[in-house]
Amino acid sequence: MADDIENDHPQNEDRIISINIDEQMRSAYIDYSMSVIVSRALPDVRDGLKPVHRRVLYGMLDLGLASNKPYKKSARIVGEVLGKYHPHGDTSVYDAMVRMAQEWSLRYPFVEGQGNYGSIDGDQPAAMRYTEARLQKIAEEMLADINKDTIDYQLNFDDSLEEPTVLPSKIPNLLVNGASGIAVGMATNMPPHNLSEIVNATIALIDNRSIEVPELMQYIKGPDFPTGGIIYGYEGAKQAFETGRGRIVIRARAEIETYNNDRERIIVSEIPYQVNKSIMIERTAELVNEKKLEGISAIRDESNREGIRVVYEIKRDANAAIVLNNLYKYTSLQTSFSVNNIALVQGRPMLLNLKDMIHHFVEHRHEVVIRRTKYELAEAEKRAHILEGLLIALDHLDEVIKLIRGSATPDEAREGLMQQFGLSDIQARAILDMTLRRLTGLERDKIKDEYAALMQQIEYLKSVLADEGLRMQIIKDELLEVKEKYGDERKTEMVHSSAEMQTEDFIEDEDVVITISHEGYIKRTPLTEYRTQSRGGKGAIGSNSRDEDFIEHLLIASNHNYMLFFTEAGRCFWLRVFEIPEGTRTSKGRAIQNIINIPKEEKIKAYIKLTSLKDQEYLENNYIIMCTRKGTIKKTSLEAYSRPRANGINAININEGDSLLEATLTSGGSEIVMALKSGRAIRFNEATVRPMGRTATGVRGITLDSDNDEVVGMISVNGPETTVLVVSEKGYGKRTDIEDYRVTNRGGKGVKTLSITEKTGNLVAIKDVTDKDDLMIINRSGVIIRIAMSQLRVMGRATQGVRLITLKGNDEIASVAKVEHDPEEETEVIDAVAEATTSEEAEITPEASADEPEIGEEPETDEPEADDEGDAEDENE
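Just so you know, these numbers come straight off a predicted model, no measurement behind them.

Conventions adopted
- Residues numbered from 1 in each chain as written.
- Predicted model: local features only at pLDDT ≥ 70, side-chain atom pairs only at ≥ 80, totals over all residues.
- Heavy atoms only, no water.
- Helix = DSSP H or I, 4+ residues; strand = E, 2+ residues; numbered from the N terminus.
- Buried < 20%, exposed > 50% of the residue type's maximum accessible area, 1.4 Å probe, protein only.
- Contact = heavy atoms within 4.5 Å.
- Areas by Shrake-Rupley, 256 points an atom, 1.4 Å probe, with all protein chains shown as cover.
- Salt bridge = Lys/Arg side-chain N within 4 Å of Asp/Glu carboxyl O.
- Phe/Tyr/Trp six-rings, centres within 6.5 Å; stacked < 30°, edge-to-face > 60°.
- Lys NZ or Arg CZ within 6 Å of the ring centre and 35° of its normal.
- Expected span 1.5 Å × (residues − 1).
- Pairing = 2+ DSSP bridges.

Moving on, we get to the overall build of the chain. If you tally the helices and strands in the chain, you get 19 helices and 41 strands. Expressed as a percentage of the 877 residues in the chain, the buried residues total 51%. A sequence separation of at least 24 residues applies to 73% of the contacts in the chain between residues at least 6 apart. When the accessible area of the chain is evaluated, it comes to approximately 41,900 Å², of which 46% is carbon and sulfur surface.

Another aspect to go through is the pattern of salt bridges. Per the counting criterion, the structure on display carries 51 salt bridges. In this structure, glutamate 302 engages arginine 300 in a salt bridge whose closest nitrogen and oxygen atoms are separated by 2.9 Å. For glutamate 313, the salt bridge is made with arginine 300, and the minimal N-O distance between the two is 2.6 Å. With glutamate 313 in strand β13 (residues 310–314) and arginine 300 in strand β12 (residues 296–301), this residue pair connects regions lying 13 residues apart in the sequence. We classify arginine 300 as partly exposed; its relative accessible area is 30%. A network of salt bridges, in which partner residues are shared, links Asp145, Lys148, Arg365, Arg372, Glu376 and Glu478.

To continue, consider the packing of aromatic side chains. Under the defined criterion, the tally for this structure stands at seven aromatic pairs. Seen in terms of ring centroids, tyrosine 29 and tyrosine 32 are 6.1 Å apart; in terms of plane orientation they differ by 45 degrees. Their pairing is tilted. Highlighted residues: tyrosine 29 and tyrosine 32, both in helix α2 (residues 21–41), separated by three residues, approximately one helical turn. Site record: aromatic cluster; members linked through ring pairs are Tyr58, Tyr85 and Tyr153. Between the NZ or CZ atom of arginine 265 and the centre of the ring of tyrosine 259, over which it lies, the distance is 4.3 Å.

Okay, helix α5 (residues 90–99) next. Those residues of α5 that sit buried are Val93, Tyr94, Ala96, Met97 and Val98. Packed against the buried residues of α5 are α3 (51–62), α4 (74–84), β2 (111–114) and β3 (132–135).

Here we take up α3. Taking 1.5 Å as the rise per residue, α3 with twelve residues should run 16 Å; its terminal C-alpha atoms sit 16 Å apart, in good agreement. Within α3, ten of the twelve residues are buried, which leaves it mostly tucked inside the rest of the structure. All of the buried residues along α3 are Pro51, Val52, His53, Arg54, Arg55, Val56, Leu57, Tyr58, Gly59 and Met60. At the C-terminal side of α3, glycine 64 shows a positive phi close to 75 degrees.

What follows deals with unusual backbone geometry. One non-glycine residue, aspartate 145, adopts positive backbone phi at about 70 degrees. By the secondary structure assignment, aspartate 145 is in the loop between α6 (137–143) and β4 (153–155). The phi dihedral of glutamine 274 is positive, around 65 degrees, even though this residue is not glycine. For glutamine 274, the location among the structural elements is in the loop between β11 (263–270) and α11 (277–289).

To continue, consider the sheet that holds strand β31 (residues 680–685). Reading across from one edge, β33-β30-β31-β36 is the order of the four strands in this open sheet, with antiparallel pairing throughout. A single partner strand is all that each edge strand has here, and the edge strands are β33 (711–717) and β36 (751–752). Where β31 lies against β36, two bridges are found, and the strand directions are antiparallel. Note that in β36 the partner of arginine 680 across the bridge is lysine 752.

We now examine the pairing of strand β39 (residues 783–788). Counting buried positions over the six residues of β39 gives six, a clear majority of the element. Residue alternation in β39 divides its side chains into two sets, Val783, Ile785 and Ile787 and Ile784, Arg786 and Ala788, and both sets are buried. As judged from the five bridges shared by strand β38 (residues 773–779) and β39, these two strands associate in the antiparallel manner. Looking at β39, one finds that leucine 775 is bridged to isoleucine 787. The antiparallel pairing of β38 with β39 creates a hairpin that spans three residues between the two strands, and glycine 782 there sits at a positive phi of about 95 degrees.

Structure below.
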């Protein structure tokens, strides 16, 4: 026994092979990773399928599960695929088949399922023994011509059968349905697209092989997800199309709905792709309970078979637009899809852009058409060869019958036919196999007709093989047929994000009237809708009065301008003019809180039109001057307002009991005129107000006469030709030369600008105008009148003025705006005042002596500057 052991020992040593573990691990891991990359996780660029999906479709074809055949149990299909082609877990096969049947997973499903196939809420499908399946009609297009030698086959796992390496695929499936998978060291994530758009782009590439991605994007807007939703921004899709990688932001389709007159709710009808609805709702409820999401009183899922409907009820004191923005920010109502277009090209993983993917599909279809044509040509030639033999036999029928009857065996007859008539073996066998009924006259004619048709087909097939243009036309025709059968409208909408400013390229740069009502409704209307009217007229309806609302602000701007909005609390918000909803002259407009994130309790008090936020010289050489109701004034460089933020910024620090009133754009060398409700005004140089930071409070601009007094307006003056227009609340107004207002130091009490009486009412507005301007006056009932300033003569500073608009009852003027004069719209003005002689309309007050100060006017002495407390800058945000 011991000898046996000793004898065996050298043999055991011979069986042990020393291997470097580093090399063995590297080799084993590379083999494993290549197997995962090539045979499991990545789709083929030609048919867009991974091996498991290809095997499922081919297995269902084997079982005869066409779209017009009865369903079969899923377990039967899984067993077929496992046993023949896919030696892995049954779960992997069943899950792949289930996904191909889910309309929320695939843009164009390939499997028609019967039974419980899961839900968008993440519910699992029923076990495979309960469900049934068959192919969708569109899946048959993926398998069409597979038996015509159009593709290569490979041996299956046990070399007992052959399976296809790729499907013929009439459909550009990689783009149409997308793909996702995690391999080793790489991953793929391709979004689905609209079939009609992909077909159009593919045809465009066939027609022009040098076409580039931007031109292809004229046909393909972007991804098209089965769950719909909104792609927020074009830039991510553009980058993905050009490079193969990009980040696409998807938002749910949500609308703000009003119910019970004053309550609001958000209705979500489409959710982003690959979002689990129930988990999304559950997570949102948690955020509401944790007080991280404010303003939501209830969440309900009212979805049914007809579609998705998720309801977020908004609290009375909350703003629905702000709540919706927070939902986008904190929940899955907004997600991102990271595009990574990696697919197998000739067995190697490659990053592909849009043109690459379409090009490889066209090349695949070209090869399929060539191989199919060669197969059909060979089959036609085989059949034609047989028919030629039959026709020879029919032409020599008596001799053929005699030869056959005289032959002892079939082989002897076959050889005799071959020798006597020069036939091939195949032709001789066909003659011997021919039935007697083929000898009738009708059958003989059929053979001749079939042969003639075959010769035509052979000629056509040969022309196809000889002409690439003809082959490309066949590909185009087949694509158009697919589009006709299965093409549909886009489900996913694409909109520009706020970060993208290219939208202006699609917006006509025309002048518009922007109106903001007292209740905060905003709209833009083409300027041509307004017409000039006579002074003293009744005016035109400018907006329907609803719930005692009226137009408070009116501005003329260009569609491409930027708008800065300043609230009474001193915050600044940005908006492009073309982003303001368009409305008719009589429409109410849209709540401004639904457009920009203005707190519901704040109102817009001032606005500035800017031409650009990119021109550094423009930003550094212009300033924004703001004034408050209590007489504070502040100057800040425009550059401080050149970086838009969605939630706005602090523009000025407002003291308690005060509020922002006006803001104007200046070039640094203007003169400022501030007017009080009590009829006084002050004029001083802008240079006396030094520039401050955004969050500073400012300095004193004018001293108020009493606690009841307040500033009603501010203008900046740049030349002596400017006249000052003041308007009172009862409809009186006048123009005065700017030189009538002497320049003083800021902080004084000012001089009289309008003689205030019970008939005129308090001062409500001050504007700088010239003869080239028109005036728009809006009263609280919504009536607008347009007056040419050239028809209003210049009067003295202390006069009462003339009636500008006839008011009914207790109606008062709400707002005044100047617009550029349009000679074409000017009408004849009927002067209601005979050169200021009728006391009812004019009541001209004798002008005060230039040597004596007006009543209440400060003597022309060096006035003390305002308290330095207001000068302190507060640069803290």
